[in-house]
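Overview (structure and organization)
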Amino acid sequence: MQKITIAIDGFSSTGKSTVAKQLAKHLGYVYVDTGAMYRAVTLFTMQQGFIDETHFDVNGLVEKLGDIHITFKFNPTLGFAEVYLNGVNVEKEIRTLEVSSYVSKVAAIPEVRYQLVKQQQQMGKDKGVVMDGRDIGTVVFPYAELKLFMTASAEKRAKRRYEELIERGDEVHYEDVLRNVQERDYIDSNREDSPLVQADDAVAIDNSDLTLEAQFTKILNLVEMTF
Ligand code: C5P
């Protein structure tokens with residue numbers, strides 16, 4: 001069967017990665033979590049001391065961009081690919097609230113975006129890919145055959161994220177998670193380079209009140225209609 005490109009964009013914690021993984025598994029496609037790539041660059045930025053609560057040395061980061069190598073390796077036990085920063089598995093470290101609190105600032109830097117978008121386009125050049133992020137249908141693959149734009153209320157999204165973090169054993173407060181979700185939405189939507197916007201030809205899915213099964217069925221119908 002002919003392979004297509006599926007671009008999934010939307011606000012933070014709208015369940016993009018859950019549905020992207022379901023779709024990739026069902027279709028036998030590659031799943032690429034571009035948020036994990038921006039998170040890995042952010043972890044590097046923190047490790048180098050370029051960002052903290054009081055400062056962000058953008059030039060320092062830009063000079064070191066050539067030292068950042070991000071790769072994915074499929075983990076058969078988990079059933080999806082984990083992200084590696086310079087050969088080290090950072091899947092757990094990149095999901096902390098601390099990384100989340102800096103990632104949108106790092107992702108707003110044009111040089112960072114240029115490098116990651118290039119790599120993402122390379123990863124999806126043969127189609128048969130489900131990629132999720134903020135600019136996939138608008139910048140990375142503007143000609144994707146199917147574009148989805150996921151939304152849900154900020155409170156519902158923060159609750160899901162909070163439960164995920166608690167389940168992992170992180171000590172977080174719901175109010176801090178909600179604030180982070182709202183802050184990232186704002187920065188991601190208002191940055192100059194590749195802001196988060198719904199592509200004209202994207203199908204919007206509000207999953208505030210959809211079960212995972214109902215959402216998957218709905219999206220699978222959309223996939224089938226593109227063939
Ligand atoms: O998808 P996730 O919430 O893990 O993404 C983390 C952050 O990475 C987003 O809040 C956004 O700032 C940035 N991002 C981006 N472009 C993408 C994917 C993620 O700017 N394609």
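Residues numbered from 1 in each chain as written. Predicted model: local features only at pLDDT ≥ 70, side-chain atom pairs only at ≥ 80, totals over all residues. Heavy atoms only, no water.

In the nomenclature of an unreviewed UniProt entry, the protein is known as Cytidylate kinase of Lacinutrix neustonica. The record held by UniProt for the protein lists under Subcellular location (unreviewed entry) the comment "Cytoplasm". (UniProt positions renumbered as here; feature names shortened; annotations may be inferred.)

1. Looking at unusual backbone geometry
If you check the backbone angles, K127 has positive phi at about 60° while not being a glycine. Looking at the secondary structure, you find K127 in the loop between helix 5 (110-123) and strand 6 (129-133). Not every positive phi belongs to a glycine, and S194 is a case in point at roughly 50°. Within the element layout of this structure, S194 appears in the loop between helix 8 (174-190) and strand 8 (203-206). When its relative accessible area of 11% is taken as the criterion, S194 is described as buried. (Helix = DSSP H or I, 4+ residues; strand = E, 2+ residues; numbered from the N terminus. Buried < 20%, exposed > 50% of the residue type's maximum accessible area, 1.4 Å probe, protein only.)

2. Quick word on the packing of aromatic side chains
Summed over the entire model, instances satisfying the criterion amount to two aromatic pairs. Ring geometry for F11 against F149: centres 5.9 Å apart, planes inclined by 80°, an arrangement best described as edge-to-face. Of this pair, F11 sits in the loop between strand 1 (5-10) and helix 1 (16-27) while F149 sits in strand 7 (residues 146-151), placing them 138 residues apart in sequence. Under the relative-accessibility criterion, F11 is labelled partly exposed at 21%. A relative accessible area of 6% means that F149 is categorised as buried. Ring centres of Y162 and Y174 lie 6.1 Å apart, and the angle between their planes is 90°; this geometry places the pair in the edge-to-face category. A residue pair is termed long-range when its members are at least 10 positions apart, and Y162 in helix 7 (residues 154-168) and Y174 in helix 8 qualify at 12 residues. Residue Y174 is classed as partly exposed on the basis of its relative accessible area of 25%. Geometry around F80 places K21 over its ring, the cationic atom sitting 4.0 Å from the centre. (Phe/Tyr/Trp six-rings, centres within 6.5 Å; stacked < 30°, edge-to-face > 60°. Lys NZ or Arg CZ within 6 Å of the ring centre and 35° of its normal.)

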